[in-house]
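# Close look at the chain arrangement
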Amino acid sequence: PDIADIGQASWTLIHTTAAYYPSDPSETQQAQARNFIHALAHLYPCSFCRRDFADYVKDHPVEVKNRQLFTQWTCDAHNDVNQKLGKKVFDCSLFMQRWRGSQH
Ligand code: FAD
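Throughout what follows, the structure given in this document is the object of discussion.

Here is what the cut-offs are and how they apply
- Residues numbered from 1 in each chain as written.
- Predicted model: local features only at pLDDT ≥ 70, side-chain atom pairs only at ≥ 80, totals over all residues.
- Heavy atoms only, no water.
- Axes fitted to C-alpha atoms, helices over the stretch in contact; angles between N-to-C directions.
- Helix = DSSP H or I, 4+ residues; strand = E, 2+ residues; numbered from the N terminus.
- Contact = heavy atoms within 4.5 Å.
- Nonpolar A, V, L, I, M, F, W, Y, C, P; charged D, E, K, R; others polar.
- Parallel < 35°, antiparallel > 145°, perpendicular 65-115°, else oblique.
- Left-handed = near helix turned anticlockwise from the far one by under 90°.
- Near = heavy atom within 4 Å.
- Polar contact = N/O pair within 3.5 Å; in protein donor to acceptor, adjacent residues only side chain to side chain.
- Areas by Shrake-Rupley, 256 points an atom, 1.4 Å probe, with all protein chains shown as cover.
- 1 Å grid on protein atoms, 1.4 Å probe; cavity = no way out; pocket = protein on both sides within 12 Å on 5 of 7 lines; lining within 4 Å.
- Sits in = over half its atoms within 2 Å of the grid points.
- Phe/Tyr/Trp six-rings, centres within 6.5 Å; stacked < 30°, edge-to-face > 60°.
- Buried < 20%, exposed > 50% of the residue type's maximum accessible area, 1.4 Å probe, protein only.
- Lys NZ or Arg CZ within 6 Å of the ring centre and 35° of its normal.

### Notes on the packing of helix H2 (residues 27-43) against helix H3 (residues 47-59)
For the pair H2 and H3, interaxial distance at closest approach is 7 Å and the crossing angle is 145 degrees. In this structure, H2 uses Ile37, His38, Leu40, Ala41, His42 and Leu43 to contact H3, whose residues at the interface are Arg50, Phe53, Ala54 and Val57. In the contact of H2 with H3, the residues fall into 7 nonpolar, 2 polar and 1 charged.

Here's what the structure looks like:
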């Protein structure tokens, strides 16, 4: 896979994970969600991508208190990459429709 393949697959996993994240997560689930993002920031298989992502995570701590905050965080993180690459900013109000096929 090239950078675009890895990126599309990774965003699919990240956003879908957020879209199905509990609305009232346990402390353990919150730690797991935070660890998931932090692990990606260290292990993502593109060195310059993960360096910038790690900087983003440092400046914008992952929001895992509930589904709404986690989805918004992943949407904002992806938009930061979109802007860096000169792509269109995604309208985060469409997030649940795009990644779960519903508004719930
Ligand atoms: P993608 O950006 O992969 O988006 C896939 C789909 O997600 C879109 O079709 C759209 O439906 C939806 N979407 C778009 N924006 C959002 C959003 N904000 N929220 C929710 N859904 C959205 N590539 C580089 O060249 N340089 C980098 O430094 C880089 N860093 C990356 C860091 C991370 C953590 C990840 C996961 C990927 C990174 N990528 C990077 C890959 C890049 O983001 C794209 O995945 C790649 O360029 C392919 O883009 P695309 O236009 O096919 O769609």
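Read on for the rest.
### Considering the packing of helix H1 (residues 3-19) against H2
Running from N to C, H1 and H2 cross one another at 170 degrees; their axes reach a closest spacing of 12 Å. Taken together, the axes of H1 and H2 lie roughly antiparallel to each other. Taken as a pair, H1 and H2 cross one another with a handedness that is left-handed. Mapping the contact onto sequence places Leu13, Ile14 and Thr17 in H1 and Phe36, Ile37 and Leu40 in H2. Partitioning the contact of H1 with H2 into residue classes produces 5 nonpolar, 1 polar and no charged.

### Concerning the site of the ligand
Taken together, 23 residues lie near the ligand, and Gln8, His78, Lys84, Lys87 and Arg98 sit nearest. In the model, an oxygen atom of the ligand is placed 2.8 Å from a nitrogen or oxygen of the His78 side chain. Take Trp99: an N or O atom from its side chain is 3.0 Å from a nitrogen atom of the ligand. In isolation the ligand offers 960 Å² of accessible surface; the protein chains occlude 82% of this area. When atoms are counted within 2 Å of each cavity's grid points, the one that captures over half of the ligand is the largest pocket. Looking at the shell around the ligand, the elements with two or more residues in it are H1, H3, helix H4 (67-84) and helix H5 (95-100). For the shell around the ligand, the element with the most residues is H1, which contributes 7 residues. Here the residues of the shell around the ligand sort into 13 nonpolar, 7 polar and 3 charged.

### Observations concerning the packing of aromatic side chains
For the structure on display, the rule yields 3 aromatic pairs. Ring plane angle 65 degrees and centroid distance 5.0 Å describe the contact between Tyr21 and Phe70, whose orientation is recorded as edge-to-face. Placement of the pair is Tyr21 in the loop between H1 and H2 and Phe70 in helix H4, with a sequence separation of 49 residues. For the pair formed by Tyr21 and Phe70, the shared burial category is buried. With a centroid separation of 6.3 Å and an interplanar angle of 65 degrees, the aromatic rings of Phe53 and Trp73 are classed as edge-to-face. Pair noted here: Phe53 is in helix H3 and Trp73 is in helix H4, with a separation of 20 residues, a long-range link. Classification of Trp73 as buried rests on a relative accessible area of 5%. These aromatic residues form a ring-pair network of at least three members: Phe53, Tyr56 and Trp73. In this arrangement the basic side chain of Arg98 is found over the ring face of Trp99, its NZ or CZ atom lying 3.9 Å from the centre.

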